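# Reading the structure
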Amino acid sequence: MTRKFSLAVSAAAVAAYFGLPLTAMVKNEVSERDQLVQRMKDLTTAANNIKATAEAEKRDMTDDERTEIDGIFASFENLSTDLERLERLDSVNARMSAPTGRQTDPNGGDPEAAAAAAAAKASAATRSQLDAGRARASVPAQPKDHRDTGKWGFRSEGEFLASVVKSSGKGAVADPRLIANAPSTYGSEGTGADGGFAVPPDFRTAIVKKVMGEDSLLSRTDQMVTSSNAITVPTDETTPWQTSGGIQAYWESEGGKKSQSKPSLTEKTVKANKIIALVPMTDELLQDAPSMASYVSSKAPEKIDFKVNDAILNGSGVGQPLGFLNSGALVTIDPESGQAADTVVYQNIVNMYTRMTAEGKRRGVWVVNSDVEAQLMTMQFPGTGTAVPVYLPPGGLSAQPYGTLMGRPVISTEAAAALGDFGDISFVDFTQYMSVIKAGGIRQDVSIHLFFDYDITAFRFVLRVGGQPWWNTPITRLNGLSRSPFVTLGARA
């Protein structure tokens, strides 16, 4: 049913009815409507980004993510109500401001028809004014299609960072793209003084991909994502051939008393430690948006990537992951009698391979210092009249010089020790190394306040990650030497 308003109602009464100042009805109707529409679009984008992040990581949404989406829905409904209210105000205001026009009644004296004709004419005039206002309004660049929605209208991360600096200066007007996507669900509250701005999801995803790249050892571990800061798992470290402790099986005679046994479980707790890269940048450097984007998007993740790799190998377990080289599960192979310093020989490889668990021989990788590769490429089978190479890339030396050793990949990393030192070459089954990553992955924050007196902006990257081997000791065999998913070669000095 269409409502009809009397033309005698005053503008002040209409404004008071809707809880709005009279000046807002006349002066700010265009800008308020555009802002409401844009904020509704931004809320939709934010909800889709949360969903896309969970799908990309192949997991369900966390409780925090569900709560955030519920807040987005509530804010969207409030904005939708506000928009409807403004549109009704536009209609009433248009009727009230319409010119009287001709005095003679072209509708045969029908008051209702006359009012409808006047309202239609006023509505057409108002639409024309709104279109002209939108054409004159200065609106920052917005996403052109679905490929840019995750960047909140920024063409590059450098443009985003430069916008943060400009918007945070004294007396500066904040970029609406930052306000609409601030950490609070209420866009008007997201200013630099509140602690910084959120980072567009597309840029944050790019950083995660760099940290989790193919050269990262973290991606090879047994990963667990948690919304808390730690995870506790029960473990059973007994073996099937163990004759005491844990569940046992016995041969029993008919009618004899049955022997009993019970599980032997231990708890393993892994905390998600914090690793931070703090990158201060001068305001002058920030003016070069492409350079800034390249620097922040590559240098900080590279540092984090190496620190995580180093901790998985050499971590102390105090405030950082426990590296397998410092764990009780490690098996260390002694060098051969009379072996020259800074060398790797054929027998070293054989001894390391045979001390790996049966499953690990199918899943393990060789983690080496790059200087070890020269030893592998010149290694020969002993006791043969003709030199026979041990390590030969697929297709010979004409192919890529990184193949397999004993059928398993060889990975070079700077986190491995120098040639000849303990840990320069290891044979590792990373599926037996448990890592814990805080839900959401890497986080990036921006602040101008840390180095405010120096005109320097700080960019901070934070990743919560922990890890340690699943097992506390090597696996003791019924007959023969112990085995382990973590085998390394001792020092040859």
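Definitions and limits used
- Residues numbered from 1 in each chain as written.
- Predicted model: local features only at pLDDT ≥ 70, side-chain atom pairs only at ≥ 80, totals over all residues.
- Heavy atoms only, no water.
- Salt bridge = Lys/Arg side-chain N within 4 Å of Asp/Glu carboxyl O.
- Helix = DSSP H or I, 4+ residues; strand = E, 2+ residues; numbered from the N terminus.
- Buried < 20%, exposed > 50% of the residue type's maximum accessible area, 1.4 Å probe, protein only.
- Pairing = 2+ DSSP bridges.
- Contact = heavy atoms within 4.5 Å.
- Axes fitted to C-alpha atoms, helices over the stretch in contact; angles between N-to-C directions.
- Phe/Tyr/Trp six-rings, centres within 6.5 Å; stacked < 30°, edge-to-face > 60°.
- Core = buried A, V, L, I, M, F, W, Y, C linked by side-chain atoms within 4.5 Å.
- Polar contact = N/O pair within 3.5 Å; in protein donor to acceptor, adjacent residues only side chain to side chain.
- Arc of directions from axis to C-beta.

## Concerning the pattern of salt bridges
Side chains that carry opposite charge are capable of pairing whenever their charged atoms lie near each other. Using the criterion set out here, one finds four salt bridges in the structure. Arg85 is the salt-bridge partner of Asp82, the closest N and O atoms lying 3.0 Å from each other. Taken together, the residues Asp82 and Arg85, both in helix 4 (residues 63–97) and three residues apart, mark about one turn of the helix. What makes Asp82 partly exposed here is its relative accessible area of 31%. Across the salt bridge formed by Arg492 and Asp424, the nearest N and O atoms sit 2.5 Å from each other. Remark: Asp424 occurs in the loop between strand 8 (408–412) and strand 9 (425–428) and Arg492 occurs in the segment after strand 13 (486–489); sequence separation between them is 68 residues. On the basis of relative accessible area, Asp424 is assigned to the buried category, the value being 0%.

## Considerations on the sheet that holds strand 7 (residues 404–405)
The six strands lie next to each other as 5-13-9-6-8-7, forming an open sheet whose pairing is mixed. Because the sheet does not close on itself, it has two edges, and the strands there are strand 5 (331–333) and strand 7. Where helix 11 (residues 346–354) meets the sheet, it contacts strand 5, strand 6 (365–368), strand 7, strand 9 and strand 13, and its direction lies at approximately 25 degrees from that of strand 9.

## Observations concerning the pairing of strand 4 (residues 273–282)
Along any regular strand, the residues point their side chains to alternate faces of the sheet. Side chains Asn273, Ile275, Ala277, Val279 and Met281 project from strand 4 onto a buried face, and the interleaved Lys274, Ile276, Leu278, Pro280 and Thr282 project onto a face without burial. Strand direction decides the pairing type here: strand 4 and strand 12 (residues 456–469), joined by 10 bridges, are antiparallel. Its bridge partner lying in strand 12, Pro280 is registered against Ala458.

## Focus on the packing of aromatic side chains
One pass over the full model with this rule turns up five aromatic pairs. The interplanar angle of 75 degrees and the centroid separation of 6.2 Å between the aromatic rings of Phe324 and Phe430 together place this pair among those described as edge-to-face. Of this pair, Phe324 sits in the loop between helix 10 (289–314) and strand 5 while Phe430 sits in the loop between strand 9 and strand 10 (433–438), and the two are 106 residues apart along the sequence. When the ring of Phe324 is compared with that of Phe486, the centres are 5.7 Å apart and the planes differ by 15 degrees; the resulting orientation is stacked. Pair noted here: Phe324 is in the loop between helix 10 and strand 5 and Phe486 is in strand 13, with a separation of 162 residues, a long-range link. For Phe324, a relative accessible area of 0% puts it in the buried group. By relative accessible area, which is 0% here, Phe486 ends up buried. Through pairs of rings, three or more aromatic residues link up here, namely Phe324, Phe430 and Phe486.

## Some thoughts on the nonpolar core
Residues Ile304, Val308, Leu313, Phe324, Phe430 and Phe461 are the most contacted members of the largest nonpolar core, which totals 38 residues. For this core, the elements supplying multiple residues, two or more each, are helix 6 (157–168), strand 4, helix 10, strand 6, strand 10 and strand 12. The dominant element in this core, judged by the number of residues it contributes, is helix 10, at six residues. Leave out the neighbours within four places in its chain, and Phe430 touches Leu217, Arg220, Thr221, Asp222, Ile312, Phe324, Val365 and Val367. Val344, Met356, Leu419 and Ile425 belong to the second largest nonpolar core, which has 19 residues in total.

## What to know about the pairing of strand 10
Within strand 10, five of the six residues are buried, which leaves it mostly tucked inside the rest of the structure. One ladder, built from five bridges, connects strand 1 (residues 222–226) with strand 10; its direction is parallel. For Val225, the partnering residue across the bridge sits in strand 10 and is Ile437. Here five bridges tie strand 10 to strand 12, and the two strands are oriented antiparallel to one another. Looking across to strand 12, one finds that Ile437 is bridged to Val465.

## Things to note about the side chain of Thr413
By the element assignment, Thr413 lies in the loop between strand 8 and strand 9. You can call Thr413 buried: its relative accessible area is 10%. Of the polar contacts made by the side chain of Thr413, one reaches the backbone nitrogen of Ala415; its length is 3.1 Å.

## Brief notes about helix 11
Within helix 11, burial applies to Asn348, Ile349 and Met352. For helix 11, the angular spread of the buried residues around the axis is 95 degrees, confining them to a single face. The elements touched by buried residues of helix 11 are strand 5, strand 6, helix 13 (370–377), strand 7, strand 9 and strand 13.

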